[in-house]
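Listed here are the chains, written in short residue letters.
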Amino acid sequence: MKGNPRDYGFSTRAIHAGQDPEPTTGAVAVPIFQTSTYVHDEFGQHKGFEYARGENPTRAALEENIAALEGGFGATAYASGMAAVSALVTLLRSGEHVVASRDMYGGTFRYFSKVLDRYGIDFSYVDTTDLSALEAAMTPQTKMVYVETPTNPLMEITDLAGAAEITHAHGAVLAVDNTFLSPYLQRPLEHGADVVLHSATKFLNGHSDSLGGLLVAASKEHQEWFVFVQKSAGAILGPMDCFLILRGIKTLGVRMDRHESNAKAILELLADHPKVSTILYPGLPDHPGYEVQRRQASGFGGVLTFEVGSFEAAGAVLNKVQVLSLAESLGGVESLISHPASMTHASVPKENREKIGITDGLVRISVGIEDEADLVGDLRQALDAI
Ligand SMILES: *Cc1c(COP(=O)(O)O)cnc(C)c1O
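Residues numbered from 1 in each chain as written. Predicted model: local features only at pLDDT ≥ 70, side-chain atom pairs only at ≥ 80, totals over all residues. Heavy atoms only, no water.

Student: Explain the pattern of salt bridges residue by residue, including any values.
Tutor: Under the definition given, this model contains 11 salt bridges. Glu 156 is paired through a salt bridge with Arg 102; the nearest N and O atoms lie 2.8 Å apart. Separated by 54 residues along the polypeptide, Glu 156 in the loop between strand E4 (142-148) and helix H6 (160-169) and Arg 102 in the loop between strand E2 (97-101) and helix H4 (106-115) bring together distant segments of the chain. A relative accessible area of 27% places Arg 102 in the partly exposed class. Each of the salt bridges in this network shares a partner with another, and the network as a whole consists of Lys 350, Glu 354 and Asp 360. (Salt bridge = Lys/Arg side-chain N within 4 Å of Asp/Glu carboxyl O. Helix = DSSP H or I, 4+ residues; strand = E, 2+ residues; numbered from the N terminus. Buried < 20%, exposed > 50% of the residue type's maximum accessible area, 1.4 Å probe, protein only.)

What follows is the structure, given as structure tokens:
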């Protein structure tokens, strides 16, 4: 395309931003620049590429692409979502304090509580759906508020504009993990967040064939720091994975629509099934976050959680499914079913889990883009077997 992709709609940006045809050959797909170094034209003169930890054209394409989709100043790509988390927290110094959503990705909780704890950074885990609880947790040392919305697996919704106001009033940075909705459905920077984080492993890649992490910074200052950290700490995303994620993002819009319409069909089955008690999905009008979600996002996503009453009942469903696959992770074209208490959230102590509602009977589904009737039929036979 000619002109600035940022002037166009979401899917046009997804397909074109950062992806001008390659100048030597005109290749439409961004090539995989599988090189560690770049030759200099002559002494003291290079093309802007010196060494691949610092610069890689495939990575630069992905970074510009996600920055355009989230509406950020710039972005940096890392070897995994957790590597992006570890780059993010370099904004902090020892003695400082972070307020984080109490229900968050288990790996992030593990990193905060078992690794960063050793470096003199303090964490408070609060129910950020309650802005007064967030306000109450802020201290003079608080330099970051870390929010996931919706949370994993309880699908709790935090009011991003409200959280940004409180965070900024205390001179702190609001970082939002936007993995669950992707920029197609929610763009936290538009609501005042300072940094957006992605596990690109999930909906952005969308095909369960690579890991990746992204940080999108609203400000030049944060972007320059992340570029410096990326090069200095070195947890960069390799060119092959950048290529796969870029390819995945091209179809993000159509995939998200299908994830969500399949999720709606599954929700209808769950609502009518006698073995299912609670359903957690922010698109249900009785969900406590429904109104906030409608205000700050343009959809509800493809992940849902429900309660079948016991560890045994959850096990029966997970063993009975045929089309859905029993696996961790989410956001791929294939539907995945999992048991948060024993899988993704096993590193959260049982008492913490139960306090916040991650019970033994909770089942999570990342709804894929298979045929709706096949998914509904499969789940029905599995639930009937309880
Ligand atoms: C998977 C995930 C992460 C971690 O990403 P990796 O790519 O697995 O390192 C962080 N946050 C959320 C919400 C996730 O689902």
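So, next bit.
Student: Residue-level account of the packing of helix H10 (residues 252-272) against helix H14 (residues 372-384), with values.
Tutor: It is the contact of H10 with H14, at a shortest axis distance of 9 Å, that shows an interaxial angle of 30°. It follows from the interaxial angle that H10 and H14 lie roughly parallel. Here the hand of the crossing between H10 and H14 comes out right-handed. Across the interface between the two elements, Ser 261, Asn 262, Ala 265, Ile 266, Leu 269 and Leu 270 of H10 pack against Glu 372, Leu 375, Val 376, Leu 379, Arg 380 and Leu 383 of H14. Considered class by class, the residues forming the contact of H10 with H14 number eight nonpolar, two polar and two charged. (Axes fitted to C-alpha atoms, helices over the stretch in contact; angles between N-to-C directions. Parallel < 35°, antiparallel > 145°, perpendicular 65-115°, else oblique. Left-handed = near helix turned anticlockwise from the far one by under 90°. Contact = heavy atoms within 4.5 Å. Nonpolar A, V, L, I, M, F, W, Y, C, P; charged D, E, K, R; others polar.)

Student: Tell me what's going on with the sheet that holds strand E7 (residues 213-217), and back it up with residues and numbers.
Tutor: As summarised here, the arrangement of the seven strands in space is E1-E7-E6-E5-E4-E2-E3, forming an open sheet in which the pairing is mixed. Edge strands, defined here as strands with exactly one partner in the open sheet, are strand E1 (74-78) and strand E3 (122-126). Neighbour to neighbour, the strand axes of the sheet diverge by 20° on average, direction disregarded. Across five bridges, E4 lies against strand E5 (residues 173-177) in parallel orientation. In the strand pairing of E5, Val 147 is matched with Val 176. Contacting E4 and E5, H6 crosses the sheet at an angle of about 150° to E5. (Pairing = 2+ DSSP bridges.)

Student: Please set out the site of the ligand residue by residue, giving values where relevant.
Tutor: Every residue near the ligand is listed here: Ser 80, Gly 81, Met 82, Tyr 105, Glu 148, Asp 177, Thr 179, Ser 199, Thr 201, Lys 202, Gly 212 and Leu 330. Contacts to the ligand include Gly 81, whose backbone N or O atom sits 2.8 Å from an oxygen atom. Taking Ser 199, its side chain carries an N or O atom lying 2.9 Å from an oxygen atom of the ligand. Protein contact buries 93% of the 380 Å² of open area that the ligand shows by itself. Class assignment for the residues of the shell around the ligand results in three nonpolar, six polar and three charged. (Near = heavy atom within 4 Å. Polar contact = N/O pair within 3.5 Å; in protein donor to acceptor, adjacent residues only side chain to side chain. Areas by Shrake-Rupley, 256 points an atom, 1.4 Å probe, with all protein chains shown as cover.)

Student: An account of the packing of aromatic side chains is requested, with residue identities and associated values reported.
Tutor: Taken as a whole, this structure holds nine aromatic pairs when the rule is applied. Relative to Phe 49, the ring of Tyr 38 lies with its centre 5.4 Å away and its plane at 45°, an arrangement referred to as tilted. Residue Tyr 38 is found in the loop between helix H1 (10-16) and helix H2 (57-70), and its partner Phe 49 is found in the loop between H1 and H2; the two are separated by 11 residues along the sequence. Of the residues examined, Tyr 38 reaches a relative accessible area of 15% and is grouped as buried. (Phe/Tyr/Trp six-rings, centres within 6.5 Å; stacked < 30°, edge-to-face > 60°.)

Student: Describe H2, and please don't skip the residues or the numbers.
Tutor: Given a rise of 1.5 Å per residue, 14 residues ought to cover 20 Å, and the 20 Å separating the end C-alpha atoms of H2 matches this to within 8%. In terms of residue burial, H2 counts as a mostly covered element, since 12 of its 14 residues are buried. At the N-terminal end of H2, a side-chain oxygen is found 2.8 Å from the backbone nitrogen of Thr 58, two or three residues along, and the residue is Asn 56. Positive backbone phi, at 75°, marks Gly 71, one or two positions downstream of H2. (Expected span 1.5 Å × (residues − 1).)

Student: Can you break down the environment of Ile 365 residue by residue, with the values?
Tutor: When you line up the elements, Ile 365 lands in strand E12 (residues 362-366). A residue is classified by how much of its surface remains accessible, and Ile 365, at 0% relative accessible area, is buried. Residues Ile 365 and Ala 327, spaced 38 residues apart in sequence, show a C-alpha to C-alpha distance of 9.7 Å. Residues within four places of Ile 365 in sequence aside, it is in contact with Gly 302, Val 303, Leu 304, Phe 306, Leu 324, Leu 336, Ile 337 and Leu 379.

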